[in-house]
Amino acid sequence: MASVFISYRGADVQPAERLAQALRDAGHEVFFAEWGIDVGDSIVARVDAGLQAVGYLALCLSSAGSSDWLKREWMSALSRQLSGKGVKVLPVYLTGRERPALLADIKCADLVADWDGGVAALLRAIR
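A brief look at the structure comes next. All figures in this text were calculated on a predicted structure; none of them were measured in a lab.

1. Topic: the overall build of the chain
And then number 1: A count of helical and extended segments in the chain gives 5 helices and 5 strands.
And then number 2: Beginning at the N terminus, the succession of helices and strands in the chain can be written as β-α-β-α-α-β-α-β-β-α.
And then number 3: Here the C-alpha atoms of the chain give a radius of gyration of 13 Å, agreeing with the 14 Å that 2.2 N^0.38 yields for 127 residues.
And then number 4: The principal-axis extent of the C-alpha atoms belonging to the chain is close to 40 × 30 × 30 Å.
And then number 5: Per-residue burial for the chain yields a buried fraction of 41% across its 127 residues.
And then number 6: Relative to all contacts within the chain whose residues are 6 or more apart in sequence, the contacts with residues 24 or more apart total 64%.
And then number 7: Of the accessible surface of the chain, which amounts to about 6,800 Å², a share of 50% is contributed by carbon and sulfur atoms.

Rendered as structure tokens:
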């Protein structure tokens, strides 16, 4: 069972939750902010703890563009990946297909063109 952090824009909460549920249904532990941050929790502390504990970060690319939170999450995970800390960034076309230039050479799971095929590809990448 792998641990996966779902990084997504608030505008994409519904498809991101659908993805989180698909990963959970496949037996993976999932950090999804809507499930893991309760009223009264420190958002920063919970996100930081979530990022520290995962093996994979599913970077959900949005038709709404990026956000500062999204950038911080994937940049933190990529920094850990490049430092050999055992985390891998997995770009996912969730509602859009524009990705950061720094991730241009990384293959994406494409849920826009084929939801089931994209989820299957993502599950193959999560070991």
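After that view of the structure, there is still more to cover.
2. Comments concerning the packing of aromatic side chains
Aromatic ring pairs: the centre-centre distance and the angle between the two ring planes describe each pair.
And then number 1: What the rule picks out here adds up to 3 aromatic pairs.
And then number 2: Ring centres of Tyr8 and Phe32 lie 4.8 Å apart, and the angle between their planes is 20 degrees; this geometry places the pair in the stacked category. Residue Tyr8 is located in the loop between strand E1 (3–7) and helix H1 (13–25), and its partner Phe32 is located in the loop between strand E2 (29–31) and helix H2 (33–36); the two are separated by 24 residues in the primary sequence.
And then number 3: A relative accessible area of 13% means that Tyr8 is categorised as buried.
And then number 4: Considering the side-chain rings of Phe32 and Trp35, the 5.1 Å spacing of their centres and the 65 degrees angle between planes classify their relative orientation as edge-to-face.
And then number 5: For Phe32, a relative accessible area of 1% corresponds to the buried category.
And then number 6: Take Trp35: its relative accessible area is 25%, and that puts it in the partly exposed class.
And then number 7: Through a chain of ring-to-ring contacts, the aromatic side chains of Tyr8, Phe32 and Trp35 assemble into a single cluster.
And then number 8: Here Arg24 stacks its cationic end above the ring of Trp35, 3.9 Å away from the centre of that ring.

3. Re the environment of Leu90
And then number 1: One can find Leu90 in strand E4 (residues 88–93).
And then number 2: In this structure, the C-alpha to C-alpha distance between Leu90 and Lys107, residues 17 residues apart in sequence, is 8.1 Å.

4. Here we look at the environment of Ala58
And then number 1: With respect to the helices and strands, Ala58 occurs in strand E3 (residues 56–61).
And then number 2: Sequence spacing of Ala58 and Ser7 is 51 residues, and the spatial spacing of their C-alpha atoms is 5.9 Å.
And then number 3: What Ala58 contacts, discounting residues up to four positions off in sequence, is Val4, Phe5, Ile6, Ser7, Leu90 and Val92.

5. Observations regarding the environment of Arg124
And then number 1: Residue position: Arg124 is located in helix H5 (residues 115–125).
And then number 2: Judged by relative accessible area, which is 56%, Arg124 ranks as exposed.

6. A few points about the pattern of salt bridges
Oppositely charged side chains are able to pair whenever their charged atoms sit close together.
And then number 1: All told, the structure shown has 1 salt bridge when counted by the stated rule.
And then number 2: Of the charged contacts in the structure, one is a salt bridge between Asp110 and Arg97, with a shortest N-O distance of 3.0 Å. Taken together, the residues Asp110 in strand E5 (residues 109–110) and Arg97 in the loop between E4 and E5 connect sequence positions 13 residues apart.
And then number 3: The class for Asp110 is partly exposed, based on a relative accessible area of 21%.

The rules we used
Position labels on residues start from 1 in each chain and follow its written sequence. Totals for whole chains, interfaces and linings use all residues, but because this is a predicted model, local features are given only for residues with pLDDT of at least 70 and pairs of side-chain atoms are given and counted only at 80 or more. With hydrogens and water excluded, all non-hydrogen atoms of the structure serve as input to the side-chain values. Under the DSSP-based scheme used, a helix requires at least four consecutive residues in state H or I and a strand at least two consecutive residues in state E, with every element numbered from the N terminus. Values of the radius of gyration come from C-alpha atoms, whereas the globule rule sets the reference at 2.2 Å times the count of residues to the power 0.38. A 1.4 Å probe rolled over the protein chains alone gives each residue an accessible area, and that area as a share of the maximum for its type sets the label: buried under 20%, exposed over 50%, partly exposed in between. Any two residues having at least one pair of non-hydrogen atoms within 4.5 Å are treated as being in contact. Surface accessibility follows the Shrake-Rupley procedure with a 1.4 Å probe radius. Residue values consider only the protein chains on display as shielding. Within 6.5 Å between ring centres, the rings of Phe, Tyr and Trp (the latter by its six-membered ring) count as paired, and their orientation is classed by plane angle as stacked under 30 degrees, edge-to-face over 60, tilted in between. Only lysine NZ and arginine CZ atoms are considered, and such an atom sits over a ring when it is within 6 Å of the ring centre and within 35 degrees of the ring normal. Salt bridges are identified by distance alone: a Lys or Arg side-chain nitrogen within 4 Å of an Asp or Glu carboxyl oxygen.

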